[in-house]
Amino acid sequence: MRRNNGKSSFGALLLTGLVVAGAIFVYTSAMFERDVPVIEVKTNGYWNLKNPLEISIEDLSGVKSYSVSLKSPSDNISLSNEQFIVPKESVKLSIKPPRSAYAMKEKSVTIRVESLDASHWNFLKGNAVAKEYKLIIDKRRPKLNIVSNSYKISKGGSALVIFKAEDENLDLMYIESNKKKFKVQPFYKEGYYISLLAWPVTQNSFKATIIAKDAAGNIAKSYIPLYLKQKNYRVSNIKLSDKFLKGKIADLAEEFVETQGIESSLEQFKIINEDVRAKNEILIHEITSKISDEMVSDFKMNKMYPLKNAQVVASFGDHRKYSYAGEYISESYHLGLDLASNAMAKIKPQNGGEVVYADYNGIYGNMPVIHHGLGLYTLYGHCSSLKVNAGEEFNAKNVVANTGKSGYAMGDHLHFGVLVQGIEVRPQEWMDKDWVKLNITNVIKSAKKIIDRN
Ligand SMILES: [Zn+2]
């Protein structure tokens, strides 16, 4: 009996062991997992009944079946359902709106997604889930209307546009031009927007389109009718002299990290004209790309006239090609206007704003930058001394700096740059009283008249 007893207790132990092992297997095996399928519907709560609904369903033991239906007060439509003989680890669905969608009058619908997994849990029935999403229906595109704009834009130049945008669920708005997205700023009264535009001097064509998108994904586009004026910019072939290479370039090469350990002065020049310039311009484009999203009610600009009785010593848009002993070395675009008068002359911008930068910037030397509003910036390069600090408000009557030859400059002069949302534009336009009146002041005036009538 003792032996039998021992045998049966061994059997009981074995049985208990098997049950425990079985239980552990059931608890840890994917076959018996207890998690319901994970459903995700890509939505922000709006639907235009045009774009497909992107739905994903995932499950550890596999998705055995799913169904998607649309419920509204008047209808219950099955959109999609499927049963899998071989369960799927993940199911990606792109559900098209029902055929009757175009006639649907409901302001909102409910999307119900149900799914069952292939787990043996729950007495082999698996884990089931049902999720509902309430979506606001918005089938209408935003309404866009141009109120007023500059009549023309010239290559390398600026223009202004003011427009109206209406939509209950307006989400995103910008002006697309070539590869650039211009930001827009609220203007004067609710629903109106303003933006300066720029045609980069390095691009041969220009086209600008206002894009408005609502939360449901409806998109409206409005082409801005600007008369395009081509303008030829000079290509200058510049021969590098030994005097220049051994003088200014050697001095600059000592200063920059990029030229440390480089012996050849031609190599030094190439690095300064390309790598250092690119780095300095990235900084300039970064600080001049910002624009406020607060409503502006006006934008008044005096003609820009930074240097009294100055001579133009280099023009905007020059495409400079450098060679040495008949061999091409490097090239660059001159994206400002070089003005010279007396050494260390006072620079007076004539327009107020906010100083956004006042520091050394490589080849640009000591360089203050002022934001005048609407993403319009002025930049003053090669200064000897700076009279402002970053973050300060700048008064139109003040001196911003004195001219000099800091950075990549041969003689004492001012490199005067004007930028619209990070794009260099032709300063001469903003220095011309008639141009400013015709293209900026009058456009704003006529827009306000139209808005006030509405
Ligand atoms: Zn210059």
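Higher on the page you've got the structure.
Residues numbered from 1 in each chain as written. Predicted model: local features only at pLDDT ≥ 70, side-chain atom pairs only at ≥ 80, totals over all residues. Heavy atoms only, no water.

**Quick notes on the sheet that holds strand β22 (residues 346-347)**
Reading across the sheet, the 3 strands line up as β22-β28-β26 and stay open at both edges, with antiparallel pairing between neighbours. The sheet is open, and its two borders are formed by β22 and β26 (385-386), each paired with just one other strand. As defined by bridge partners, β26 adjoins strand β28 (residues 401-402) across 2 bridges and the pair is classed as antiparallel. Following the sheet pairing, L386 is matched in β28 by A401. (Pairing = 2+ DSSP bridges. Helix = DSSP H or I, 4+ residues; strand = E, 2+ residues; numbered from the N terminus.)

**Concerning the pairing of strand β5 (residues 108-117)**
Direction of pairing for strand β3 (residues 53-72) relative to β5: antiparallel, over a ladder of 8 bridges. Within the sheet, the bridge partner assigned to V63 lies in β5 and is D117.

**Focus on helix α5 (residues 433-453)**
Over its 21 residues, α5 runs 29 Å from end to end, which matches the ideal 30 Å to within 8%, given 1.5 Å per residue. Among all positions of α5, only W435, V436, N439, I440, V443, I444, A447, K448 and I451 are buried. Contacts from the buried residues of α5 go to β7 (143-149), β8 (152-154), β9 (158-166), β13 (192-198) and α4 (427-430). The backbone nitrogen of D434 has a side-chain oxygen 3.0 Å away, supplied by the residue at the start of α5, namely D432. (Expected span 1.5 Å × (residues − 1). Buried < 20%, exposed > 50% of the residue type's maximum accessible area, 1.4 Å probe, protein only. Contact = heavy atoms within 4.5 Å. Polar contact = N/O pair within 3.5 Å; in protein donor to acceptor, adjacent residues only side chain to side chain.)

**Section: the coordination of the zinc ion**
Those donors, H334 (NE2), D338 (OD), D338 (OD) and H415 (ND1), are the protein atoms that reach the zinc ion, and they lie 2.0 to 2.7 Å from it. Because the angles between the 4 donor atoms bound to the zinc ion fall within 54 to 156°, the donor set is best described as irregular. (Donors = N, O, S within 2.8 Å, 3.2 Å for Na, K, Ca; no water. Tetrahedral: all angles 85-135°; square planar, octahedral: opposite > 155°, others 65-115°.)

**As for empty space enclosed by the protein**
A complete count under the given rule lists 2 cavities of 30 Å³ or more for this structure. The calculated volume of the largest cavity comes to roughly 50 Å³. Along its surface, the largest cavity is lined by I284, L335, Y364, L379, H415, G417, L419 and E424. Sort the elements by how many residues they give to the lining of the largest cavity and strand β29 (residues 414-420) lands first, with 3 residues. If you add up the space inside the second largest cavity, you get close to 30 Å³. Residue lining of the second largest cavity: F206, K207, A208, Y223, I224, L226 and L228, and that is the complete set. Tallied by class, residues from the lining of the second largest cavity come to 6 nonpolar, no polar and 1 charged. (1 Å grid on protein atoms, 1.4 Å probe; cavity = no way out; pocket = protein on both sides within 12 Å on 5 of 7 lines; lining within 4 Å. Points joined across faces, edges and corners; volume = space filled by probe spheres on them. Nonpolar A, V, L, I, M, F, W, Y, C, P; charged D, E, K, R; others polar.)

**Here's the deal with unusual backbone geometry**
For N309, which is not glycine, the phi torsion reads 50° and is therefore positive. Topologically, N309 is positioned in the loop between α3 (265-287) and β18 (311-314). Given a relative accessible area of 66%, N309 falls into the exposed group. In the Ramachandran plot, A325 falls in the positive-phi region, its phi being about 50° despite a non-glycine side chain. Considering the arrangement of structural elements, one finds A325 in the loop between β19 (318-324) and β20 (327-334).

**Considerations on the packing of aromatic side chains**
Under the counting rule described, the total for this entry stands at 11 aromatic pairs. Centre to centre, the rings of W430 and W435 are 5.0 Å apart; their planes meet at 65°, and the pair counts as edge-to-face. Three or more aromatic residues joined by ring pairs form one cluster here, namely F244, F269, Y322 and Y408. Here R34 stacks its cationic end above the ring of W121, 5.3 Å away from the centre of that ring. In this structure, K303 packs its charged tip against the face of Y305, placed 5.2 Å from the ring centre. (Phe/Tyr/Trp six-rings, centres within 6.5 Å; stacked < 30°, edge-to-face > 60°. Lys NZ or Arg CZ within 6 Å of the ring centre and 35° of its normal.)

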